[in-house]
Amino acid sequence: MNQTELPLVRALPAEFSLEEAFVRLATLPGCLWFDSAARAPRSERNADGATDLGRYSFLTADPVETMEATVGQSDPWLKLDNWYRRLPRDVDSSLPPFQGGIAGLWGYEAATWLESIGVAKCDDLPTPAISLGLYDWTIAMDHQLNRAWIISQGIGSLQTELPSAAERLRRAGERAEQVQRWLAGDPPTPDERLRNLDQSVPMCDPRVFASQHPTSLKSVRSNFTSQQYRAAIDAIVESIRRGDSFQVNLAQRLLVEASLSSPDLYLRLRRHNPAPFGAYYGGGEFQVLSSSPEGFLQLRGRHVETRPIKGTVPRTGDPKTDETLAAQLLASEKDRAENVMIVDLLRNDLSRACTDDSVNVSKLWGLERYQYVQHLVSVVEGELAEGQTVTDLLRVCFPGGSVTGAPKIEAMKTIARLEPNPRGPYCGSIGYISCGGNADFNILIRTITATGGYWQIPVGGGITARSNAEQEEAETWAKAEGMLRAILENPNARNE
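This report concerns the structure included in the present document. In this text, all values refer to a predicted model and were calculated from it rather than measured experimentally.

### Quick look at the overall build of the protein chain
Counting its regular elements, the protein chain contains eleven helices and 23 strands. Taking 23 Å as the expected radius of gyration for a compact globule of 496 residues, we find that the protein chain reaches 22 Å, a close match to that expectation. Projecting the C-alpha coordinates of the protein chain onto the three principal axes gives extents of approximately 65 × 55 × 50 Å. Buried residues in the protein chain amount to 60% of all 496 residues. Put simply, of all contacts in the protein chain between residues at least 6 apart along the chain, 77% involve residues at least 24 apart. Carbon and sulfur atoms make up 47% of the accessible area of the protein chain, which totals about 19,900 Å². Of the charged side chains in the protein chain, 51 are positive and 63 negative, and the gap between their average positions amounts to 2 Å.

Below is the structure:
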């Protein structure tokens, strides 16, 4: 192929399977799959059935440069700004929006460099607060067209000036050929940091685990007892009535001993609980597996969109019961008020980076149905102001208000005080900033973090003055169902 423009693009055959490609590439360092395992809910589709929600998936690995930071180290957001400003702007506008660039994990505690919010005391299974890679190639899939491409940028380290266009084309060609060899069956060199389960050593104090209480599923433990979780909810309700805040998101962390590889578990997860913002990230000694239904930030040109979720009822499998539950959700004053609080918070966040008159609510209280739950979802949009960049936008909005509460800073201080363990990836984001400037970030809910021989499964919900502790606790278990089904499908999981 004698292409003379960047990025270099190679079409993949019609029978190409992203799932099969993931199986081949999962052992590579930094394997990253932005996985639209579910298309948009019907309510999101245009008259012709088309939508960008869930339309694209991307698979990449083996970044040419990495960035990792834990809480207490020097500010990684400054390095992110520098990376972004040095990214090439080459883009093919006819192709899907991620065409190589910066991608990876912004964990919940990445906010500690942005605000003084405190951190939970017991970090028994630590993961980096930020773990990013500079990806010089990606496999892009357009599910609407059922077409896929290798897109290769030919970039190296951003510590030096970009090479000439001719040198980049040469590098891009070599890289694309390497990816094609991997896909054809030439086994890649695995990430040496990935360890077999029988070699895993828990990175925690066993006394912490001794104090944890079994749930009704004997293989699943929580960092709260039921009584403790409900007492924490009651404490939040009392603080709201005192005027400390309007809403606080509270999560319990479920824990299961790992019993198979993270890539294998992710394939199960996407089968049991498919979602439009799913993701897999291989961070070396930890992996993040997410079936998230929630988009955090999307940037196309200067147009910004965020899609907060607030309000949840289960799906039972019985259509009449599900319709009744959906009607109750749509009529719920508590859930509608909770959703509006977060919409207002996000309007305020977006206004700090968008033009004054551009921020608007294009959808309020839309109903979306997923495998095990139904949600109220709103959409807030805006136009990025002149002089503002995607990294500026991310700074003022991170983490998403739907997983903190309002006011955001006070809610995050309450979370750090009441939740026993840091959230890690949970309620942070997996996302990308593409060459050319497009960006997408999800909210890491319905997410499993694998590290130290364990699977962490945090689940939570927004607490307001009208919250009922028993109902709020039950909601967390409804949210966990798809993840627990994927885990407990394993015959070795101890659930007797």
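### Remarks on the side chain of Thr451
Checked against the element boundaries, Thr451 lands in strand β22 (residues 447-451). In this structure the side chain of Thr451 is engaged in a polar contact, spanning 3.3 Å, whose partner is the backbone oxygen of Glu285.

### Considering empty space enclosed by the protein
Summed over the entire model, instances satisfying the criterion amount to five cavities of 30 Å³ or more. Computed from the structure, the largest cavity encloses a volume of approximately 160 Å³. Going through the elements one at a time, β16 (309-314), β23 (454-463) and α11 (469-488) are the ones with two or more residues in the lining of the largest cavity. Looking at the lining of the largest cavity, the element that brings in the most residues is β23, giving five residues. Tallied by class, residues from the lining of the largest cavity come to seven nonpolar, seven polar and six charged.

### Digging into the packing of helix α5 (residues 226-241) against α11
For the pair α5 and α11, the least separation of the axes is 9 Å and the interaxial angle reads 120°. With respect to their mutual orientation, α5 and α11 come out oblique. Crossing angle aside, the handedness with which α5 passes α11 is right-handed. Side by side, α5 and α11 meet where Ser226, Tyr229, Arg230, Ile233 and Asp234 of the first sit next to Ala469, Glu470, Glu472, Glu473 and Thr476 of the second.

### Things to note about the pairing of strand β2 (residues 32-35)
Burial of β2 is two-sided: the residues Leu32 and Phe34 facing one way and the residues Trp33 and Asp35 facing the other way are all buried. Of the strand pairs in this sheet, β2 and strand β3 (residues 56-60) are connected by three bridges, and their pairing is antiparallel. Considered in β3, the bridge of Trp33 is made with Leu59. Judged from the four bridges that link them, β2 and strand β12 (residues 277-282) form a sheet pairing that is antiparallel. Residue pairing across strands places Asp35 opposite Gly278, the latter belonging to β12.

### Things to note about the pairing of β12
Of all the six residues making up β12, six are buried; the element is thus mostly covered by neighbouring parts of the structure. Side chains Phe277, Ala279 and Tyr281 of β12 all project onto a buried face; the interleaved residues Gly278, Tyr280 and Gly282 project onto the opposite face, where all are buried too. Bridging between β12 and strand β13 (residues 286-292) involves six bridges; their strand directions are antiparallel. The residue of β13 that forms the bridge with Tyr280 is Leu289. Where β12 hands over to β13, the hairpin turn is made up of three residues, of which Gly284 adopts a positive phi near 95°.

### Focus: the environment of Phe16
By secondary structure assignment, the location of Phe16 is in the loop between β1 (8-11) and α1 (18-25). A residue is classified by how much of its surface remains accessible, and Phe16, at 17% relative accessible area, is buried. C-alpha of Phe16 to C-alpha of Arg170: the two residues are 154 residues apart in sequence and 25 Å apart in space. Each residue touching Phe16, except ones within four places of it in the same chain, is listed here: Ala21, Ile139, Met141, Ala148 and Leu183.

### Details of unusual backbone geometry
Leave glycine aside and you will find that most residues have negative phi; peptide bonds, for their part, are mostly trans. Between Leu6 and the following residue, Pro7, the backbone shows a cis peptide bond with an omega angle of 0°. Mapped onto the elements, Pro7 comes out in the segment before β1. Positive phi is not limited to glycine here, since Asp62 has a value of about 55°. On the secondary structure map, Asp62 appears in the loop between β3 and β4 (65-69). With a phi angle near 70°, Cys427 is a residue other than glycine that sits in the positive phi range. Along the chain, Cys427 falls in the loop between α10 (408-418) and β20 (429-434). Residue classification places Cys427 among the buried positions, given a relative accessible area of 0%.

### Considerations on α10
Residue pairs three or four apart in sequence face the same way in an α-helix, which turns once every 3.6 residues. Residues of α10 that are buried include every one of Lys408, Ala411, Met412, Thr414, Ile415 and Ala416, and no others. Residues of α10 that are buried make contact with α5, β11 (247-257), α8 (333-351), α9 (390-397) and β19 (405-406).

### Quick look at the environment of Leu80
Among the structural elements, Leu80 can be located in helix α2 (residues 76-86). When its relative accessible area of 1% is taken as the criterion, Leu80 is described as buried. A C-alpha to C-alpha distance of 28 Å links Leu80 and Ala275, two positions 195 residues apart in sequence. Those residues in contact with Leu80, other than ones at most four positions away along the chain, are Met67, Ile102, Trp106, Leu132, Thr391, Leu394 and Ile433.

### A look at the packing of aromatic side chains
Each aromatic ring pair is summarised here by two numbers: the centre-to-centre distance and the angle between the ring planes. Under the definition given, this model contains 17 aromatic pairs. With a centroid separation of 5.7 Å and an interplanar angle of 85°, the aromatic rings of Phe58 and Phe98 are classed as edge-to-face. With Phe58 in strand β3 and Phe98 in the loop between α2 and β5 (101-106), this pair connects stretches of sequence that are 40 residues apart. Each of the two residues, Phe58 as well as Phe98, counts as buried. Grouping aromatic residues by their ring pairs yields a cluster made of Phe34, Tyr56, Phe58, Phe98 and Tyr432. Positioned above the aromatic ring of Trp365, the side-chain terminus of Arg336 is 3.5 Å from the ring centre.

Reading guide: rules and limits
Residues numbered from 1 in each chain as written. Predicted model: local features only at pLDDT ≥ 70, side-chain atom pairs only at ≥ 80, totals over all residues. Heavy atoms only, no water. Helix = DSSP H or I, 4+ residues; strand = E, 2+ residues; numbered from the N terminus. Rg over C-alpha atoms; globule rule 2.2 N^0.38 Å. Buried < 20%, exposed > 50% of the residue type's maximum accessible area, 1.4 Å probe, protein only. Contact = heavy atoms within 4.5 Å. Areas by Shrake-Rupley, 256 points an atom, 1.4 Å probe, with all protein chains shown as cover. Lys, Arg positive; Asp, Glu negative; His and termini not counted. Charge placed at Lys NZ, Arg CZ, Asp CG, Glu CD. Polar contact = N/O pair within 3.5 Å; in protein donor to acceptor, adjacent residues only side chain to side chain. 1 Å grid on protein atoms, 1.4 Å probe; cavity = no way out; pocket = protein on both sides within 12 Å on 5 of 7 lines; lining within 4 Å. Points joined across faces, edges and corners; volume = space filled by probe spheres on them. Nonpolar A, V, L, I, M, F, W, Y, C, P; charged D, E, K, R; others polar. Axes fitted to C-alpha atoms, helices over the stretch in contact; angles between N-to-C directions. Parallel < 35°, antiparallel > 145°, perpendicular 65-115°, else oblique. Left-handed = near helix turned anticlockwise from the far one by under 90°. Pairing = 2+ DSSP bridges. Phe/Tyr/Trp six-rings, centres within 6.5 Å; stacked < 30°, edge-to-face > 60°. Lys NZ or Arg CZ within 6 Å of the ring centre and 35° of its normal.

Shape is all these values report; function is a separate question.
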